[in-house]
Amino acid sequence: MKGNVDEYAIDYFKKNGFERKICKKCGNPFWTINHSKTTCGEAPCEPYDFLINPIMKKYSSLDDLRKTYLTYFEKNGHTIIDPYPVVARWRDDIYLTIASIAVFQPHITSGEADPPANPLVISQPCIRLVDIDDVGKSMKHLTIFEMAAHHAFNYPNKEIYWKDKTVELCHNFLTEIMNVDPMNITYKESWWEGGGNAGPCLEVCVGGLEIATLVFMMYKVIDDKYELMPMRIVDTGYGLERILWESQSKPTIFHSIYDEILNDVLSKSDIEDKSEMLREYVYKSSMGDRQDYKTYGEYLNIIQGVFALLDYTKCLTFMLADGLVPSNSGGGYLARLLIRRALRLINTTKINLSLKDLIKLQIRKWGKTYRHIAEMEEEIYDMLNEEEEKYIATMKRGERIIQNIINEVKRKGANTIPSSKLIELYDSQGIPPEMVQEVAKKSDIKVEVPENFYSEVVKRHLKACGSGEKKELKISIEKYPPTKRIYYDDPYQFEFEAKVIGIEGNKIILDSTAFYPEGGGQPYDQGVITWNGGNAKIINVQKVGDVILHEVEGDKPPLGEIIHGFIDVERRLALMRSHTATHILVAALMKVLGKHIWQAGAQKDVYKNRLDVTHHKQLSDEEIEKVEEIANTYVLKNVDVKVYEMPRAEAERKYGVRIYQGGVVPGRNVRIVEIEGINVQACGGLHVKRTGEVGLIKILKCNKIQDGVLRLEFTCGLSSLKHIQNKEKLIKEATKILNTQEEHLIKNIEKLKGENEKVKLEYRQLWKKHIQEIILKNIIPNPIVCDHTKIFITKFNDLTKEQMIEIGGEILKMEKEAMVIILNMNANLINYVVMMNEDLVDRGLNASIIAERISKILEGKGGGDKTIAQGYGKRIDRIAMIEEEVKKYIKELQKT
């Protein structure tokens, strides 16, 4: 354990008769006023005594307990702040809020920004998926829990409170409010690390269960080394669900959290709630006793599955309500993993409720306290329906993929599918290990699924990759002062005067500039600079730290020269319109599709822009039209676009974390762009003064670029006009070609299409008649026979793959117990198809193996399924060898 003894020798302990002891079972040091105590107070060193005898004041619900906790700390000088979302949008290093301190990292804990209050108290829903495999089994682990916490931020010149007051507040809460006998409270010495910070901590144990952790954050962790922070932070975490469980003395923590939901699920599924048996099981388990599972039978597996389902579906409810769209990457991957784990458990526990039924129960329960959950109900169901369809599709194709792996394992002479392959299968294909186990069992292939399988998968996806490191120019800027940014003072100032204070290669540094540097998806400005006797183009502008570099094409002004800058006005205005249009479009998409819409990326340009948003399915034409209509309504309202700075904490309190639509922004203050009544974002880009300046917004297309993310390409202003004019030109050209009026264009195209289909049909009929004649006259009469098997090998020129398969199919209709090989000569390449009916497959023949053997002769590639396979090769001179190779294969089979 890190931290020395002095870190824990708190005056409060000394003044109030606490004694430092060493646990006789685990060896950990702890503090207690019970001088006869010899163990640390946590299971398995001590059992869950609260299951036998009530140990604290009883509370009926989490709501009551939460209110009591917050009120106690409010009375003790803390300001109550509202909980943050479980999706950590203000962070670029994690996807989910894993603790209350995560709300304040990194900006507040680093001292970069002020806390929303000091001291403060919060009850924060948190998600930790690393325990996913233990949920339901351990009877205490949860993926989602509520961390009640009081925090104090101590600055070098302003002390709030530190260790003594923290322990005093905790002890008084437990003894005075929760009526816990002080003799039953122990404080275990420990060490905490997370989010780049660290410090000594005390784990608070009551009745065998750790119910709180008091962290004294005082170090920064840099390259595994500890450096003292300028700030000292009190970071506490009280497990609200665990405290509720102890207060109620119910058999399991799930009985305390889910009470009415649990009763509903069990009664509808005809599962008995064997409370006393579970109480005995949990109590004995807390002592570290190995349980004989035969004593509890299959019931234990079922009830543990039910408990896990209740936890997973609550976790999903909070995730989806905060707008996390399930996908195959990022935070969406974690949501999908939970959905599929839940669907699998519904099947194995055989409960009589669907995933939607369970989520509905969770929404009814938690939506009363967290109003946004109730508001997102329909969006949650929509996402779930889409995910269930994808899960079913995965299961359907999963068996074929697993069978291919089994065949590969057998070819290598092995009899086990390794766990690394299971993780790869789940990660890349979404196929659960349990399914692999079931399919492999039929082929006598062993599959060992690690007990912590899903935890291992989760660990691979917990940390975000960030928004991508921008390649900074390798230029030393320390000697330069920050560049004054005229473009923020007045984005409509297109001319300016400045002094050259630095020259770095072909880049110049000015004391002030109106040229906007590239950033936030907005391209850099371009233009020209002039000076006494010279001029040059500015072709690129970049920001390094607080210094702006201007890349020059042509001569460079001398150091110390006063230059006159001229911005390319049309380019700047087009980019400003595009940036404001992006904010408007995000607002319109949220209005039409729902609050789960989050910007996933954007690129503004002079003509065409793109906007990536999170959404679980492709947009319909009607939805696109509706988005366009609302977006242009916002434009026509011609409302003010206000730009101002405000403290980060104040901005988050006033507008919520949705201000980070465009990504996380650094700094004590954030630059807010507010389109009144429409959209508010933290943004560093340039915008027009009123929405009317944006002009017409036109969506050009919308495509799915990855699972859970759509890309919209759009234009605005004059670019939209040009786009419409180009479309009109196409329509006029089409009317000329078809010699018709515009209003009759569709009718004429449909007529032309009908005539074309008729010609195609006639051609198909002629083609079919033609190949049947060829088959009957030239192919069927000339079979190759080998061991009572007919083989038809025939050559054609310039056929499509579909035509080759069609000819093969026609032959097999006439000769059911035959093998067909269609060769197609195409320039310097041979394509081929091998086909046969199931009758030959039953006799042991395999089209895929034949295709592979032919490919070796022709020096190409081949493969496929048992009844149909294909390939290609370049050795035209070896075609004659195919017949002998096929005969050889058939004879080899006859011998075996």
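First things first, this report covers the structure right here in the doc. Just so we're clear, the structure is a prediction, and the values are computed from it rather than from any experiment.

Take the pattern of salt bridges next. Opposite charge on two side chains permits them to pair, given that their charged atoms come into close proximity. Here the structure, examined in full by the defined rule, presents 49 salt bridges. Between Glu 377 and Arg 364 there is a salt bridge, with the nearest N and O atoms lying 2.8 Å from each other. Here Glu 377 is found in helix H11 (residues 377-411), whereas its partner Arg 364 is found in helix H9 (residues 355-366), with 13 residues between them in sequence. Given the relative accessible area of 44%, Arg 364 is considered partly exposed. Glu 859 is the partner of Arg 878 in a salt bridge, and the nearest nitrogen-oxygen pair spans 3.9 Å. Taken as a pair, Arg 878 in the loop between strand E32 (868-873) and helix H24 (881-895) and Glu 859 in the loop between helix H23 (847-858) and strand E31 (861-864) lie far apart in primary sequence, 19 residues in all. For Arg 878, a relative accessible area of 23% corresponds to the partly exposed category.

So, about the sheet that holds strand E23 (residues 669-675). Ordered in space as E22-E23-E24, the 3 strands form an open sheet in which the pairing is antiparallel. With one partner strand each, in any of the chains shown, strand E22 (641-647) and strand E24 (679-682) form the two edges of the open sheet. Neighbour-to-neighbour, the strand axes of the sheet open up by a mean angle of 25°, direction not taken into account. In the sheet, E23 pairs with E24 via 4 bridges, with the strands oriented antiparallel. Across the sheet, the residue bridging to Ile 672 is Ala 682, located in E24. Helix H16 (residues 569-593) contacts E22, E23 and E24 of the sheet and is inclined by roughly 120° relative to E24.

What follows is about the sheet that holds strand E27 (residues 784-786). Sheet architecture is open: 6 strands sit in the order E27-E28-E29-E30-E32-E31, paired in mixed fashion. A strand with exactly one partner marks an edge of an open sheet, and here the two such strands are E27 and E31. Neighbour to neighbour, the strand axes of the sheet diverge by 20° on average, direction disregarded. As paired elements, strand E28 (residues 789-797) and strand E29 (residues 818-826) share 8 bridges and run parallel to each other. Bridged to Lys 790 within E29 is Ala 818.

A few words now on H23. For H23, which comprises 12 residues, the first-to-last C-alpha distance of 16 Å matches the rise-based estimate of 16 Å (1.5 Å per residue) to within 8%. Across the 12 residues that make up H23, a large majority, 9, are buried. Those residues of H23 that fall on the buried side of the exposure criterion are Ala 847, Ser 848, Ile 850, Ala 851, Arg 853, Ile 854, Ser 855, Ile 857 and Leu 858. In the core, the buried residues of H23 are packed alongside E29, strand E30 (829-836), E31, E32 and H24. The N-capping residue of H23, defined by a side-chain oxygen 2.8 Å from the backbone nitrogen of Ser 848, is Asn 846. Phi for Glu 859, located one or two positions after H23, is positive at around 60°.

Where helix H8 (residues 330-349) meets helix H12 (residues 419-429), the axes come as close as 11 Å, and the angle between the chain directions of the two elements is 110°. By the criterion of interaxial angle, the relationship of H8 to H12 is roughly perpendicular. Each of Tyr 333, Leu 337 and Arg 340 in H8 lies in contact with H12, whose residues at this interface are Tyr 426, Asp 427 and Gln 429. Among the residues forming the contact of H8 with H12, the class breakdown is 3 nonpolar, 1 polar and 2 charged.

Per the counting criterion, the structure on display carries 0 disulfides. No disulfide involves Cys 26; its sulfur sits 3.6 Å from the nearest other cysteine sulfur, which is in Cys 23. Given a relative accessible area of 34%, Cys 26 falls into the partly exposed group. A disulfide-free cysteine, Cys 170 has its sulfur positioned 11 Å from the sulfur of Cys 205, the nearest such atom.

Rules used in this analysis
- Residues numbered from 1 in each chain as written.
- Predicted model: local features only at pLDDT ≥ 70, side-chain atom pairs only at ≥ 80, totals over all residues.
- Heavy atoms only, no water.
- Salt bridge = Lys/Arg side-chain N within 4 Å of Asp/Glu carboxyl O.
- Helix = DSSP H or I, 4+ residues; strand = E, 2+ residues; numbered from the N terminus.
- Buried < 20%, exposed > 50% of the residue type's maximum accessible area, 1.4 Å probe, protein only.
- Pairing = 2+ DSSP bridges.
- Axes fitted to C-alpha atoms, helices over the stretch in contact; angles between N-to-C directions.
- Contact = heavy atoms within 4.5 Å.
- Expected span 1.5 Å × (residues − 1).
- Polar contact = N/O pair within 3.5 Å; in protein donor to acceptor, adjacent residues only side chain to side chain.
- Parallel < 35°, antiparallel > 145°, perpendicular 65-115°, else oblique.
- Nonpolar A, V, L, I, M, F, W, Y, C, P; charged D, E, K, R; others polar.
- Disulfide = S-S within 2.5 Å.

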